[in-house]
Amino acid sequence: MTQKARQKRPFHVMIIPTLGCPSKCAYCWSSEVGSPVMSIEMVGSIVAWLKDFRSDPVTFTFHGGEPLLAGADFYQKALPLLTYGLQDLEPNFALQTNLWKLTPDLAEILAKYKIPIGSSLDGPQELNDLQRSEGYYERTMRGYELARNHGLQVQFICTFTSHSVQFKEDIFKFFMDNRLTLKLHPALPSLKSYEPDRWALSPEKYGDLLVYLLDKYLENMDQIEVRNINDYARCVLTGRGTVCTFVDCMENTFAVGPDGSIYPCYRYVGMLEYVMGHVRDRPSQEDLIQSAAGVRMQRFKEHVDQECKGCKHIRYCRGGCPYNAIARSDGEIEGVDPHCLAYRRIFEEIADRFDQEMMGSLDMDMGLPVRPKAEKGIRPAIMPLVRKLASN
Ligand code: SF4
Ligand code: SF4
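Everything quoted here is computed from the prediction, not taken from an experiment.

## Examining the overall build of the protein
Okay, so step 1: For the protein, the count of helices and strands is 15 helices and nine strands.
Okay, so step 2: Whereas a compact globule of 392 residues would reach a radius of gyration of roughly 21 Å, the protein reaches 22 Å, a difference of no more than 12%.
Okay, so step 3: Expressed as lengths along the three principal axes of its C-alpha atoms, the size of the protein is roughly 70 × 45 × 45 Å.
Okay, so step 4: When the 392 residues of the protein are sorted by exposure, 39% land in the buried category.
Okay, so step 5: Nonlocal contacts in the protein, meaning residues at least 24 apart in sequence, comprise 71% of its contacts between residues at least 6 apart.

Structural data, given as C-alpha coordinates:
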(Lines give C-alpha, C1' and ligand atoms only; values in the text may rest on other atoms or scores of the structure.)
(Ligands and ions follow the chains in the order given, each with its own letter.)
Protein backbone atom coordinates (compact mmCIF):
# COMPACT_ATOMS: atom_id res chain seq x y z
CA MET A 1 0.00 0.00 0.00
CA THR A 2 1.31 3.47 -0.85
CA GLN A 3 1.94 6.22 1.73
CA LYS A 4 -1.06 8.05 0.30
CA ALA A 5 -3.33 5.02 0.85
CA ARG A 6 -2.17 4.63 4.45
CA GLN A 7 -3.31 8.15 5.39
CA LYS A 8 -6.75 7.62 3.92
CA ARG A 9 -9.79 5.52 4.78
CA PRO A 10 -10.16 2.85 2.12
CA PHE A 11 -13.75 2.00 1.21
CA HIS A 12 -15.49 -0.88 -0.46
CA VAL A 13 -18.13 -0.85 -3.16
CA MET A 14 -19.73 -4.17 -4.03
CA ILE A 15 -21.13 -4.28 -7.54
CA ILE A 16 -23.95 -6.77 -8.00
CA PRO A 17 -24.36 -7.22 -11.78
CA THR A 18 -27.31 -9.56 -11.19
CA LEU A 19 -29.03 -11.50 -8.42
CA GLY A 20 -29.58 -14.38 -10.86
CA CYS A 21 -27.62 -17.60 -10.32
CA PRO A 22 -27.54 -20.92 -12.22
CA SER A 23 -27.07 -22.91 -8.99
CA LYS A 24 -29.75 -23.71 -6.44
CA CYS A 25 -27.87 -23.99 -3.18
CA ALA A 26 -30.18 -25.23 -0.46
CA TYR A 27 -29.41 -22.47 2.06
CA CYS A 28 -28.89 -19.57 -0.35
CA TRP A 29 -30.46 -16.24 0.61
CA SER A 30 -28.87 -13.99 -1.99
CA SER A 31 -30.09 -15.12 -5.41
CA GLU A 32 -33.29 -14.23 -7.24
CA VAL A 33 -34.77 -15.91 -10.29
CA GLY A 34 -35.38 -13.50 -13.19
CA SER A 35 -33.16 -10.76 -11.79
CA PRO A 36 -32.07 -8.22 -14.46
CA VAL A 37 -28.40 -7.80 -15.44
CA MET A 38 -26.67 -4.47 -14.89
CA SER A 39 -26.10 -2.47 -18.06
CA ILE A 40 -22.74 -1.00 -18.96
CA GLU A 41 -24.37 2.45 -18.83
CA MET A 42 -25.04 1.79 -15.15
CA VAL A 43 -21.32 1.15 -14.63
CA GLY A 44 -20.75 4.55 -16.24
CA SER A 45 -23.18 6.02 -13.68
CA ILE A 46 -21.22 4.35 -10.85
CA VAL A 47 -18.06 6.04 -12.16
CA ALA A 48 -19.84 9.42 -12.37
CA TRP A 49 -21.18 8.99 -8.81
CA LEU A 50 -17.85 8.03 -7.27
CA LYS A 51 -15.78 10.73 -8.97
CA ASP A 52 -16.74 13.26 -6.31
CA PHE A 53 -17.89 10.88 -3.58
CA ARG A 54 -14.64 10.38 -1.67
CA SER A 55 -10.94 10.66 -2.40
CA ASP A 56 -10.02 7.42 -0.59
CA PRO A 57 -8.77 4.22 -2.22
CA VAL A 58 -11.62 1.97 -3.33
CA THR A 59 -11.98 -1.78 -3.72
CA PHE A 60 -14.73 -3.06 -6.01
CA THR A 61 -16.00 -6.57 -5.43
CA PHE A 62 -18.22 -8.11 -8.08
CA HIS A 63 -20.71 -10.20 -6.17
CA GLY A 64 -24.11 -11.75 -6.77
CA GLY A 65 -26.17 -13.78 -7.35
CA GLU A 66 -23.62 -15.00 -9.84
CA PRO A 67 -21.66 -12.04 -11.26
CA LEU A 68 -20.20 -13.93 -14.25
CA LEU A 69 -23.72 -14.17 -15.72
CA ALA A 70 -23.06 -10.61 -16.90
CA GLY A 71 -20.67 -12.11 -19.49
CA ALA A 72 -17.24 -11.27 -20.92
CA ASP A 73 -18.46 -8.20 -22.79
CA PHE A 74 -19.62 -6.60 -19.51
CA TYR A 75 -16.22 -7.05 -17.84
CA GLN A 76 -14.27 -6.05 -20.96
CA LYS A 77 -16.05 -2.69 -20.78
CA ALA A 78 -16.64 -2.29 -17.02
CA LEU A 79 -13.07 -2.92 -15.86
CA PRO A 80 -11.41 -0.20 -17.97
CA LEU A 81 -14.28 2.20 -17.22
CA LEU A 82 -13.78 1.79 -13.46
CA THR A 83 -9.99 1.66 -13.63
CA TYR A 84 -9.37 4.70 -15.81
CA GLY A 85 -12.49 6.66 -14.86
CA LEU A 86 -11.54 6.52 -11.19
CA GLN A 87 -7.75 6.54 -11.38
CA ASP A 88 -7.47 8.91 -8.41
CA LEU A 89 -9.14 6.32 -6.18
CA GLU A 90 -6.53 3.66 -7.08
CA PRO A 91 -9.21 0.98 -7.66
CA ASN A 92 -8.61 -2.63 -6.70
CA PHE A 93 -10.91 -5.46 -7.69
CA ALA A 94 -12.14 -8.79 -6.38
CA LEU A 95 -14.76 -11.26 -7.57
CA GLN A 96 -16.97 -13.74 -5.75
CA THR A 97 -18.22 -16.47 -8.11
CA ASN A 98 -19.06 -20.16 -8.28
CA LEU A 99 -16.90 -20.27 -11.48
CA TRP A 100 -19.45 -22.22 -13.55
CA LYS A 101 -19.70 -19.50 -16.16
CA LEU A 102 -15.99 -18.82 -16.46
CA THR A 103 -14.90 -18.84 -20.12
CA PRO A 104 -11.45 -18.34 -21.63
CA ASP A 105 -12.47 -14.78 -22.60
CA LEU A 106 -13.57 -13.99 -19.08
CA ALA A 107 -10.48 -15.60 -17.57
CA GLU A 108 -8.30 -13.51 -19.85
CA ILE A 109 -9.86 -10.18 -18.87
CA LEU A 110 -9.85 -11.09 -15.16
CA ALA A 111 -6.18 -12.08 -15.42
CA LYS A 112 -5.35 -8.83 -17.21
CA TYR A 113 -6.67 -6.90 -14.19
CA LYS A 114 -5.13 -9.41 -11.73
CA ILE A 115 -8.47 -9.97 -10.01
CA PRO A 116 -8.38 -12.37 -7.05
CA ILE A 117 -11.32 -14.76 -7.02
CA GLY A 118 -13.30 -16.03 -4.07
CA SER A 119 -15.34 -19.14 -4.80
CA SER A 120 -17.35 -21.61 -2.74
CA LEU A 121 -16.93 -25.27 -1.90
CA ASP A 122 -18.44 -26.91 1.13
CA GLY A 123 -16.04 -29.87 1.29
CA PRO A 124 -15.83 -33.26 -0.45
CA GLN A 125 -17.96 -33.70 -3.58
CA GLU A 126 -20.85 -35.67 -2.07
CA LEU A 127 -21.32 -33.32 0.86
CA ASN A 128 -20.85 -30.23 -1.29
CA ASP A 129 -23.40 -31.34 -3.87
CA LEU A 130 -25.93 -32.31 -1.23
CA GLN A 131 -25.90 -28.75 0.09
CA ARG A 132 -25.18 -26.78 -3.05
CA SER A 133 -26.85 -28.81 -5.85
CA GLU A 134 -26.14 -31.86 -8.00
CA GLY A 135 -23.15 -31.31 -10.31
CA TYR A 136 -21.98 -28.17 -8.49
CA TYR A 137 -18.60 -29.62 -7.51
CA GLU A 138 -17.64 -30.68 -11.03
CA ARG A 139 -18.69 -27.40 -12.58
CA THR A 140 -16.80 -25.35 -10.01
CA MET A 141 -13.68 -27.51 -10.32
CA ARG A 142 -13.80 -27.14 -14.11
CA GLY A 143 -13.84 -23.37 -13.68
CA TYR A 144 -11.09 -23.61 -11.07
CA GLU A 145 -8.80 -25.41 -13.52
CA LEU A 146 -9.47 -22.80 -16.19
CA ALA A 147 -8.81 -19.99 -13.71
CA ARG A 148 -5.53 -21.56 -12.60
CA ASN A 149 -4.45 -22.09 -16.20
CA HIS A 150 -4.80 -18.34 -16.64
CA GLY A 151 -2.74 -17.63 -13.52
CA LEU A 152 -5.74 -16.45 -11.48
CA GLN A 153 -5.68 -16.76 -7.69
CA VAL A 154 -8.69 -18.62 -6.29
CA GLN A 155 -9.62 -19.07 -2.64
CA PHE A 156 -12.64 -21.04 -1.50
CA ILE A 157 -15.18 -20.16 1.15
CA CYS A 158 -16.71 -23.12 2.93
CA THR A 159 -20.21 -22.71 4.32
CA PHE A 160 -20.78 -24.83 7.39
CA THR A 161 -24.42 -25.74 7.93
CA SER A 162 -26.21 -27.56 10.74
CA HIS A 163 -25.76 -30.67 8.57
CA SER A 164 -22.15 -30.35 7.39
CA VAL A 165 -20.77 -29.42 10.80
CA GLN A 166 -21.20 -33.10 11.70
CA PHE A 167 -18.50 -33.82 9.12
CA LYS A 168 -16.03 -31.14 10.17
CA GLU A 169 -13.11 -33.59 10.28
CA ASP A 170 -13.72 -34.65 6.65
CA ILE A 171 -14.07 -31.04 5.55
CA PHE A 172 -10.87 -29.93 7.25
CA LYS A 173 -9.00 -32.89 5.75
CA PHE A 174 -10.42 -32.13 2.31
CA PHE A 175 -9.11 -28.56 2.40
CA MET A 176 -5.75 -29.64 3.79
CA ASP A 177 -5.24 -32.56 1.38
CA ASN A 178 -6.07 -30.32 -1.58
CA ARG A 179 -3.78 -27.56 -0.32
CA LEU A 180 -6.66 -25.07 -0.22
CA THR A 181 -6.85 -22.12 2.14
CA LEU A 182 -9.90 -22.51 4.37
CA LYS A 183 -12.21 -19.58 4.90
CA LEU A 184 -15.55 -20.39 6.47
CA HIS A 185 -19.00 -18.91 6.80
CA PRO A 186 -21.70 -20.15 9.11
CA ALA A 187 -24.97 -20.71 7.20
CA LEU A 188 -27.41 -17.94 8.06
CA PRO A 189 -31.14 -18.32 8.42
CA SER A 190 -32.47 -17.73 4.90
CA LEU A 191 -34.93 -14.83 4.79
CA LYS A 192 -36.21 -16.12 1.47
CA SER A 193 -36.99 -19.65 2.60
CA TYR A 194 -40.11 -21.22 4.11
CA GLU A 195 -37.82 -22.96 6.59
CA PRO A 196 -35.35 -20.19 7.46
CA ASP A 197 -33.53 -22.15 10.17
CA ARG A 198 -33.28 -25.52 8.44
CA TRP A 199 -29.60 -25.18 7.46
CA ALA A 200 -28.52 -22.38 9.79
CA LEU A 201 -25.59 -23.10 12.09
CA SER A 202 -26.42 -22.20 15.68
CA PRO A 203 -24.08 -19.81 17.54
CA GLU A 204 -23.20 -22.58 20.03
CA LYS A 205 -22.22 -24.99 17.26
CA TYR A 206 -20.34 -22.23 15.46
CA GLY A 207 -18.35 -21.49 18.63
CA ASP A 208 -17.46 -25.18 19.04
CA LEU A 209 -16.44 -25.33 15.39
CA LEU A 210 -14.14 -22.31 15.69
CA VAL A 211 -12.33 -23.80 18.68
CA TYR A 212 -12.00 -27.11 16.83
CA LEU A 213 -10.54 -25.31 13.82
CA LEU A 214 -8.16 -23.34 16.02
CA ASP A 215 -6.73 -26.61 17.37
CA LYS A 216 -6.55 -28.26 13.94
CA TYR A 217 -4.91 -25.19 12.43
CA LEU A 218 -2.29 -24.98 15.19
CA GLU A 219 -1.49 -28.67 14.74
CA ASN A 220 -1.12 -28.36 10.96
CA MET A 221 0.14 -24.85 10.36
CA ASP A 222 2.71 -25.96 7.83
CA GLN A 223 -0.01 -27.50 5.65
CA ILE A 224 -3.02 -25.21 5.76
CA GLU A 225 -4.13 -21.67 6.42
CA VAL A 226 -7.45 -20.99 8.18
CA ARG A 227 -8.22 -17.38 7.32
CA ASN A 228 -10.91 -16.78 9.95
CA ILE A 229 -8.62 -17.92 12.74
CA ASN A 230 -5.99 -15.47 11.48
CA ASP A 231 -8.64 -12.74 11.58
CA TYR A 232 -9.78 -13.56 15.12
CA ALA A 233 -6.18 -13.75 16.35
CA ARG A 234 -5.33 -10.39 14.75
CA CYS A 235 -8.30 -8.82 16.53
CA VAL A 236 -7.14 -10.09 19.92
CA LEU A 237 -3.44 -9.43 19.40
CA THR A 238 -3.64 -5.98 17.78
CA GLY A 239 -6.95 -4.70 19.16
CA ARG A 240 -8.14 -3.93 15.63
CA GLY A 241 -10.57 -5.72 13.35
CA THR A 242 -9.43 -6.45 9.81
CA VAL A 243 -12.59 -7.88 8.20
CA CYS A 244 -15.96 -6.19 7.80
CA THR A 245 -17.66 -8.20 10.57
CA PHE A 246 -15.21 -6.72 13.08
CA VAL A 247 -15.28 -3.04 12.20
CA ASP A 248 -18.07 -0.49 11.89
CA CYS A 249 -18.76 -1.36 8.26
CA MET A 250 -21.54 1.20 7.76
CA GLU A 251 -19.41 4.14 6.71
CA ASN A 252 -17.01 2.33 4.43
CA THR A 253 -19.04 -0.35 2.66
CA PHE A 254 -21.75 0.08 0.02
CA ALA A 255 -23.32 -2.12 -2.61
CA VAL A 256 -24.87 -1.23 -5.95
CA GLY A 257 -27.63 -3.50 -7.26
CA PRO A 258 -28.33 -4.26 -10.96
CA ASP A 259 -30.69 -1.26 -11.24
CA GLY A 260 -28.24 1.22 -9.67
CA SER A 261 -29.82 1.29 -6.20
CA ILE A 262 -27.29 1.75 -3.40
CA TYR A 263 -27.44 -0.44 -0.28
CA PRO A 264 -25.30 -0.75 2.88
CA CYS A 265 -23.89 -4.14 1.74
CA TYR A 266 -24.52 -6.90 -0.83
CA ARG A 267 -26.53 -8.79 1.76
CA TYR A 268 -29.35 -6.23 1.53
CA VAL A 269 -29.56 -5.99 -2.27
CA GLY A 270 -33.14 -6.46 -3.43
CA MET A 271 -34.61 -5.46 -0.02
CA LEU A 272 -36.32 -2.18 -0.84
CA GLU A 273 -36.36 -0.91 2.73
CA TYR A 274 -32.55 -0.88 2.66
CA VAL A 275 -32.12 1.29 -0.43
CA MET A 276 -29.99 4.30 0.56
CA GLY A 277 -30.09 6.12 -2.76
CA HIS A 278 -29.44 5.69 -6.48
CA VAL A 279 -26.19 6.18 -8.39
CA ARG A 280 -27.89 8.42 -11.02
CA ASP A 281 -28.51 11.00 -8.24
CA ARG A 282 -24.83 10.96 -7.28
CA PRO A 283 -25.54 11.04 -3.53
CA SER A 284 -22.83 12.26 -1.16
CA GLN A 285 -21.69 10.17 1.80
CA GLU A 286 -23.81 12.46 4.00
CA ASP A 287 -26.90 11.83 1.84
CA LEU A 288 -26.47 8.07 2.24
CA ILE A 289 -25.95 8.28 5.99
CA GLN A 290 -29.08 10.42 6.34
CA SER A 291 -31.29 8.07 4.30
CA ALA A 292 -33.72 5.91 6.31
CA ALA A 293 -31.53 2.84 5.75
CA GLY A 294 -28.40 4.83 6.67
CA VAL A 295 -30.01 6.06 9.91
CA ARG A 296 -30.96 2.47 10.78
CA MET A 297 -27.34 1.37 10.29
CA GLN A 298 -26.12 4.22 12.52
CA ARG A 299 -28.65 3.23 15.17
CA PHE A 300 -27.09 -0.23 15.20
CA LYS A 301 -23.74 1.37 15.97
CA GLU A 302 -25.23 3.30 18.90
CA HIS A 303 -26.97 0.14 20.09
CA VAL A 304 -23.63 -1.71 20.11
CA ASP A 305 -22.07 1.07 22.20
CA GLN A 306 -24.72 0.37 24.84
CA GLU A 307 -25.29 -3.38 24.64
CA CYS A 308 -21.64 -4.36 24.33
CA LYS A 309 -20.14 -1.72 26.60
CA GLY A 310 -19.17 -4.25 29.27
CA CYS A 311 -17.51 -6.59 26.77
CA LYS A 312 -13.74 -6.51 26.53
CA HIS A 313 -13.88 -7.33 22.83
CA ILE A 314 -16.04 -4.38 21.81
CA ARG A 315 -13.12 -2.38 20.37
CA TYR A 316 -12.70 -4.80 17.48
CA CYS A 317 -15.90 -6.84 17.46
CA ARG A 318 -18.28 -3.86 17.29
CA GLY A 319 -21.33 -6.10 17.71
CA GLY A 320 -20.46 -8.28 14.69
CA CYS A 321 -22.39 -8.05 11.42
CA PRO A 322 -25.35 -5.61 11.43
CA TYR A 323 -27.13 -7.64 8.74
CA ASN A 324 -27.09 -10.73 10.96
CA ALA A 325 -28.42 -8.59 13.80
CA ILE A 326 -31.22 -6.63 12.19
CA ALA A 327 -32.39 -8.29 9.01
CA ARG A 328 -34.48 -10.95 10.73
CA SER A 329 -36.36 -8.48 12.88
CA ASP A 330 -37.69 -6.35 10.02
CA GLY A 331 -35.14 -3.65 10.64
CA GLU A 332 -35.89 -3.40 14.36
CA ILE A 333 -32.73 -3.35 16.41
CA GLU A 334 -33.38 -5.99 19.02
CA GLY A 335 -29.83 -7.08 19.71
CA VAL A 336 -26.35 -7.54 18.27
CA ASP A 337 -25.16 -10.25 15.88
CA PRO A 338 -26.56 -13.56 17.21
CA HIS A 339 -23.13 -15.08 16.63
CA CYS A 340 -21.85 -12.99 19.56
CA LEU A 341 -21.64 -16.17 21.57
CA ALA A 342 -19.32 -17.80 19.04
CA TYR A 343 -17.19 -14.65 18.67
CA ARG A 344 -16.72 -14.32 22.42
CA ARG A 345 -15.84 -18.00 22.70
CA ILE A 346 -13.03 -17.84 20.13
CA PHE A 347 -11.75 -14.43 21.26
CA GLU A 348 -11.52 -15.73 24.85
CA GLU A 349 -9.87 -18.97 23.76
CA ILE A 350 -7.17 -17.13 21.84
CA ALA A 351 -6.61 -14.50 24.56
CA ASP A 352 -6.47 -17.16 27.27
CA ARG A 353 -3.93 -19.31 25.45
CA PHE A 354 -1.82 -16.28 24.65
CA ASP A 355 -1.83 -15.07 28.29
CA GLN A 356 -0.99 -18.51 29.66
CA GLU A 357 1.88 -19.04 27.28
CA MET A 358 3.24 -15.54 27.92
CA MET A 359 3.07 -16.08 31.70
CA GLY A 360 4.76 -19.46 31.28
CA SER A 361 7.69 -17.98 29.40
CA LEU A 362 7.99 -15.05 31.83
CA ASP A 363 8.20 -17.50 34.74
CA MET A 364 10.91 -19.40 32.93
CA ASP A 365 12.85 -16.19 32.19
CA MET A 366 12.69 -15.27 35.87
CA GLY A 367 13.75 -18.73 37.00
CA LEU A 368 10.41 -19.37 38.72
CA PRO A 369 8.89 -22.83 38.77
CA VAL A 370 6.61 -23.29 35.79
CA ARG A 371 2.97 -22.91 36.85
CA PRO A 372 0.87 -26.01 36.53
CA LYS A 373 -1.48 -25.72 33.57
CA ALA A 374 -4.56 -27.86 33.56
CA GLU A 375 -4.54 -27.90 29.81
CA LYS A 376 -0.84 -28.47 29.32
CA GLY A 377 -0.27 -31.10 26.70
CA ILE A 378 -3.89 -30.93 25.56
CA ARG A 379 -4.22 -27.60 23.79
CA PRO A 380 -1.78 -26.88 20.98
CA ALA A 381 0.37 -23.77 21.58
CA ILE A 382 -0.70 -20.51 20.01
CA MET A 383 2.73 -18.84 19.83
CA PRO A 384 3.61 -20.26 16.39
CA LEU A 385 0.50 -18.52 15.02
CA VAL A 386 1.44 -15.27 16.77
CA ARG A 387 4.89 -15.43 15.19
CA LYS A 388 3.41 -16.24 11.80
CA LEU A 389 1.03 -13.27 11.91
CA ALA A 390 3.78 -10.94 13.15
CA SER A 391 6.03 -11.93 10.25
CA ASN A 392 3.38 -11.25 7.59
S1 SF4 B 1 -23.41 -5.91 6.87
FE2 SF4 B 1 -22.18 -7.67 7.58
S3 SF4 B 1 -21.41 -8.65 5.69
FE4 SF4 B 1 -22.13 -6.59 5.15
S5 SF4 B 1 -20.29 -5.29 5.25
FE6 SF4 B 1 -21.33 -5.17 7.25
S7 SF4 B 1 -20.35 -6.76 8.50
FE8 SF4 B 1 -19.84 -7.19 6.36
S1 SF4 C 1 -18.41 -10.41 21.49
FE2 SF4 C 1 -20.62 -10.02 21.68
S3 SF4 C 1 -20.81 -8.61 23.44
FE4 SF4 C 1 -18.65 -8.55 22.73
S5 SF4 C 1 -18.58 -6.84 21.27
FE6 SF4 C 1 -18.96 -8.72 20.09
S7 SF4 C 1 -21.18 -8.84 19.88
FE8 SF4 C 1 -20.74 -7.38 21.53
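## A few points about the site of ligand 2
Okay, so step 1: Around ligand 2, the neighbouring residues are C308, C311, H313, I314, C317, G319, G320, V336, D337, C340, Y343 and R344.
Okay, so step 2: Looking at the shell around ligand 2, the elements that each hand over two or more residues are α12 (314-317) and α14 (340-365).
Okay, so step 3: Looking at which element gives the most residues to the shell around ligand 2, the answer is α14, with three residues.
Okay, so step 4: Among the residues making up the shell around ligand 2, the classes are represented as seven nonpolar, three polar and two charged.

## Considerations on the site of ligand 1
Okay, so step 1: Looking at ligand 1, the residues that line it are C244, T245, C249, T253, C265, R267, C321, P322 and Y323.
Okay, so step 2: A breakdown of the residues in the shell around ligand 1 according to their chemical character gives six nonpolar, two polar and one charged.

## What to know about the sheet that holds strand β9 (residues 277-278)
Okay, so step 1: Across the sheet, which stays open at both edges, the nine strands sit in the order β6-β5-β4-β3-β2-β1-β7-β8-β9 with mixed pairing between neighbours. Only two strands of the sheet have a single neighbouring strand rather than two, namely β6 (182-186) and β9.
Okay, so step 2: Where strand β7 (residues 253-256) and strand β8 (residues 261-263) come together, two bridges link them in antiparallel fashion. Note on β8: the bridge partner recorded for A255 is Y263.

## Describing helix α11 (residues 292-307)
Okay, so step 1: Spanning 16 residues, α11 covers 22 Å between terminal C-alpha atoms, matching the ideal 22 Å at 1.5 Å per step.
Okay, so step 2: Among all positions of α11, only A293, G294, M297, F300 and V304 are buried. Seen from one end, α11 has its buried residues packed into an arc of 115°, which puts them on one side. When the buried face of α11 is taken as reference, the exposed residues oriented beyond 90 degrees from it are A292, V295, E302, D305 and Q306.

## Here we look at the pairing of strand β2 (residues 58-62)
Okay, so step 1: Most of β2 is tucked away: four of the five residues are buried.
Okay, so step 2: Here five bridges tie strand β1 (residues 11-15) to β2, and the two strands are oriented parallel to one another. What sits directly across from M14, in β2, is T61.
Okay, so step 3: As judged from the four bridges shared by β2 and strand β3 (residues 92-96), these two strands associate in the parallel manner. If you follow T59 over to β3, its bridge partner there is N92.
Okay, so step 4: Assessed by its sense of winding, the connection that carries the chain from β2 through helix α3 (residues 71-85) to β3 is right-handed.

## Points about unusual backbone geometry
Okay, so step 1: Residue G65 is reached from G64 by a cis peptide bond, and omega for that bond is 10°.
Okay, so step 2: Tracing the chain through its elements places G65 in the loop between β2 and α3.
Okay, so step 3: One non-glycine residue with positive phi stands out, namely R179, at about 55°.
Okay, so step 4: Topologically, R179 is positioned in the loop between α7 (168-177) and β6.
Okay, so step 5: R179 sits in the exposed class, given 9 other C-beta atoms within 10 Å.
Okay, so step 6: Look at R282: it is not a glycine, yet its phi comes out positive at around 45°.
Okay, so step 7: Take R282: it is sitting in the loop between β9 and α10 (285-290).

## Observations concerning the pairing of strand β4 (residues 117-120)
Okay, so step 1: As paired elements, β3 and β4 share two bridges and run parallel to each other. Bridge assignment links Q96 to a residue of β4, and that residue is G118.
Okay, so step 2: Running through helix α4 (residues 104-112), the crossover from β3 to the neighbouring parallel element β4 is right-handed.
Okay, so step 3: Judged from the four bridges that link them, β4 and strand β5 (residues 154-160) form a sheet pairing that is parallel.

## A look at the confidence of the model for the protein
Okay, so step 1: Mean pLDDT over the protein stands at 90; residues scoring 70 or higher make up 91%.
Okay, so step 2: A low-confidence stretch, residues 371-376 (pLDDT under 50), is modelled with four contacts involving residues beyond four sequence positions or located in other chains.

The rules we used
- Residues numbered from 1 in each chain as written.
- Chains lettered and ligands numbered in written order.
- Predicted model: local features only at pLDDT ≥ 70, side-chain atom pairs only at ≥ 80, totals over all residues.
- Helix = DSSP H or I, 4+ residues; strand = E, 2+ residues; numbered from the N terminus.
- Rg over C-alpha atoms; globule rule 2.2 N^0.38 Å.
- Buried ≥ 20, exposed ≤ 12 C-beta atoms within 10 Å, placed from the backbone.
- Contact = placed C-beta atoms within 7 Å.
- Near = placed C-beta within 6 Å.
- Nonpolar A, V, L, I, M, F, W, Y, C, P; charged D, E, K, R; others polar.
- Pairing = 2+ DSSP bridges.
- Expected span 1.5 Å × (residues − 1).
- Arc of directions from axis to C-beta.
- Right-handed = clockwise from strand over helix to strand, strands pointing away.
- pLDDT = per-residue confidence, 0-100.

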